[in-house]
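Observations on the three-dimensional arrangement
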Amino acid sequence: MLIPIIGWILFGLIVGLLARLAYPGRQDIGLLRTTLLGIVGSFVGGFLGYLLFGGNAFQASGWIGSILGAVLVLAIATRRGHIAG
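Residues numbered from 1 in each chain as written. Predicted model: local features only at pLDDT ≥ 70, side-chain atom pairs only at ≥ 80, totals over all residues. Heavy atoms only, no water.

One way to put it is that helix α1 (residues 2–22) packs onto helix α3 (residues 63–79) with a least axis distance of 9 Å and a crossing angle of 60 degrees. The orientation of α1 relative to α3 falls into the category oblique. α3 is crossed by α1, and the crossing has right-handed handedness. Note on element contacts: α3 touches α1 through Trp 63, Ser 66, Ile 67, Ala 70, Val 71 and Leu 74, opposite Phe 11, Ile 14, Val 15, Leu 18, Ala 19, Arg 20 and Ala 22. Across the contact of α1 with α3, the residue classes break down as 11 nonpolar, 1 polar and 1 charged. (Axes fitted to C-alpha atoms, helices over the stretch in contact; angles between N-to-C directions. Helix = DSSP H or I, 4+ residues; strand = E, 2+ residues; numbered from the N terminus. Parallel < 35°, antiparallel > 145°, perpendicular 65-115°, else oblique. Left-handed = near helix turned anticlockwise from the far one by under 90°. Contact = heavy atoms within 4.5 Å. Nonpolar A, V, L, I, M, F, W, Y, C, P; charged D, E, K, R; others polar.)

Further remarks concern the nonpolar core. Of all hydrophobic cores here, the largest spans 11 residues; its members are Phe 11, Val 15, Ala 19, Tyr 23, Ile 29, Leu 37, Ala 70, Leu 74, Ala 75, Ala 77 and Ile 83. Counting only elements with at least two residues in this core, the list comes to α1 and α3. When residues in this core are grouped by element, the largest group, 4 residues, is from α3. With near-sequence residues (within four places) excluded, Ile 29 lies in contact with Arg 20, Thr 34 and Ile 83. (Core = buried A, V, L, I, M, F, W, Y, C linked by side-chain atoms within 4.5 Å. Buried < 20%, exposed > 50% of the residue type's maximum accessible area, 1.4 Å probe, protein only.)

So, on to the side chain of Thr 35. Here Thr 35 lies in helix α2 (residues 31–53). Owing to a relative accessible area of 11%, Thr 35 belongs among the buried residues under this scheme. Setting aside anything within four residues of it in sequence, one finds Thr 35 in contact with Ile 9, Gly 12 and Leu 13.

The structure is reproduced here in structure tokens:
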């Protein structure tokens, strides 16, 4: 039970870091928010995949879908002023 949770945390951290690298500008968020960005981005990417290809609406996405979802979440949060950039 603990191993999948650690896997999600590491996956979220890596995806969040890659999304922050891909999105232009500086984002003043720490490691915890970067990890949450990656995890939420994975589900956003999965939902976008559901809209395009079908399947389950609440599925996690792969690497590419997760990064795209995290970049989308980061762009929305930055434009709405939730993340100082």
